[in-house]
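What the coordinates show
For reference, the chains in residue letters:
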Amino acid sequence: MKEQTPIKFNNMKALKTELIRFMMSYKFALEEMNTKIDILKQEFQYIHDYNPIEHVKSRLKSPESILKKSQRKGYVFSLPSIRENIRDIAGIRITCSFISDIYEISNMLQQQKDITLIECKDYIKNPKPNGYQSLHLILQIPIFMSDREDHVYVEIQIRTIAMDFWASLEHKIYYKYNQKVPQRIIDDLKEAANSAAQLDAKMESIQKEMLKIKETSDDEENIHELMLNNERYHLPIDFLIPDLYSENK
């Protein structure tokens, strides 16, 4: 039995290393982006006393899923080709309460200096024919490895709770019927999408009315005042919790 040459072994080892680095770059990109989103979420909560983000989910495509998509799309089977053409390997879905939150979060992410907007598909202003609504962003962020700097694509989907519920239901229906959905159900789904859009618009209207009431209210529950240089500041109660470590010293 002929032994493998060192060259083949070295090539296999190099390929394995590149595959690991390839997947790691997307894993790190997800972690980096999730950290950014969490910081924005907390900042918004403290500054505006309001949290625009209801849920955040992230996922990393498996190598098998990546290869299947590459084959289905007819891309060249190489890591550079996959990296450039398949831009949803790392994906994050942000669920909000209101449509205005979607664009607010999108703007906050795009304003960060190390984030580059590559593509934006607004399926809210221009819904898909089946009624699907969501804001899709392809963002690129730098990931610093020990010997290189990778610029990695991350897909961000931002939608309201109603949009997310509709999309989840639509996906389950198409999966159950193996993509062969009866026309009457397709029509019902389109009608449900319209109802969800109307609900979002109504809830947005109620939210705006509540904000007006809040602005004129003197209610300062859970807010404490701090005087510095004869200036009055309001701080969230979270910032005024005693330092337990200091107390136990």
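Residues numbered from 1 in each chain as written. Predicted model: local features only at pLDDT ≥ 70, side-chain atom pairs only at ≥ 80, totals over all residues. Heavy atoms only, no water.

1. Focus on the environment of Ser81
In this fold, Ser81 is placed in helix H3 (residues 79-85). Overall, the relative accessible area of 12% leaves Ser81 in the buried class. Separated by 11 residues in the primary sequence, Ser81 and Ser70 have C-alpha atoms spaced 8.9 Å apart. The residues contacting Ser81, other than those within four sequence positions of it, are Tyr75, Val76 and Ile86. (Helix = DSSP H or I, 4+ residues; strand = E, 2+ residues; numbered from the N terminus. Buried < 20%, exposed > 50% of the residue type's maximum accessible area, 1.4 Å probe, protein only. Contact = heavy atoms within 4.5 Å.)

2. Some thoughts on the UniProt feature "coiled-coil region" (unreviewed entry) in the protein
Within the UniProt annotation, "coiled-coil region" (unreviewed entry) is assigned to residues 189-216. Helix makes up 100% of residues 189-216 and strand 0%. Its end C-alpha atoms lie 41 Å apart. (UniProt positions renumbered as here; feature names shortened; annotations may be inferred.)

3. Looking at the environment of Lys36
Among the structural elements, Lys36 can be located in helix H1 (residues 6-48). Assessed through its relative accessible area of 10%, Lys36 is described here as buried. Measuring from C-alpha to C-alpha, the distance between Lys36 and Gln112 comes to 9.2 Å, with 76 residues separating the pair along the chain. Among all residues touching Lys36, those that are not within four sequence positions of it are Gln112, Asp114 and Ile115.

4. Some thoughts on the sheet that holds strand S3 (residues 116-122)
Reading across from one edge, S1-S2-S5-S4-S3 is the order of the five strands in this open sheet, with mixed pairing throughout. In this open sheet, the two strands that pair with only one neighbour each are strand S1 (53-60) and S3. Across the sheet, the mean angle from the axis of one strand to that of its neighbour is 20°, orientation sign disregarded. As paired strands, S1 and strand S2 (residues 90-96) are joined by seven bridges and run antiparallel to one another. Each bridged residue has a counterpart across the sheet, and for Ile53 the counterpart in S2 is Cys96. (Pairing = 2+ DSSP bridges. Axes fitted to C-alpha atoms, helices over the stretch in contact; angles between N-to-C directions.)

5. A word on the side chain of Gln157
For Gln157, the location among the structural elements is in strand S5 (residues 149-160). A polar contact of 3.4 Å, which involves the side chain of Gln157, links it to the side chain of Arg93. A polar side-chain atom of Gln157 sits 2.9 Å from a polar atom in the side chain of Arg159. Setting aside residues no more than four positions away along its own chain, Gln157 makes contact with Ile92, Arg93, Ile94, Tyr132, Ser134, Leu135 and His136. (Polar contact = N/O pair within 3.5 Å; in protein donor to acceptor, adjacent residues only side chain to side chain.)

6. Describing the side chain of Ser70
With respect to the helices and strands, Ser70 occurs in helix H2 (residues 63-73). When near neighbours in sequence (up to four residues on either side) are disregarded, Ser70 contacts Tyr75, Val76, Ile82 and Ile86.

7. Let's talk about the nonpolar core
Residues Met33, Ile92, Ile94, Ile105, Leu109, Ile156 and Ile158 are the most contacted members of the largest nonpolar core, which totals 35 residues. Take this core: its biggest share by element is nine residues, from H1. Setting aside residues no more than four positions away along its own chain, Ile92 makes contact with Leu30, Met33, Asn34, Ile37, Val56, Lys57, Ser58, Val154, Glu155, Ile156 and Gln157. Counting residues in hydrophobic clusters, the runner-up holds 10 residues, among them Trp166, Ala167, Ile185 and Ala193. (Core = buried A, V, L, I, M, F, W, Y, C linked by side-chain atoms within 4.5 Å.)

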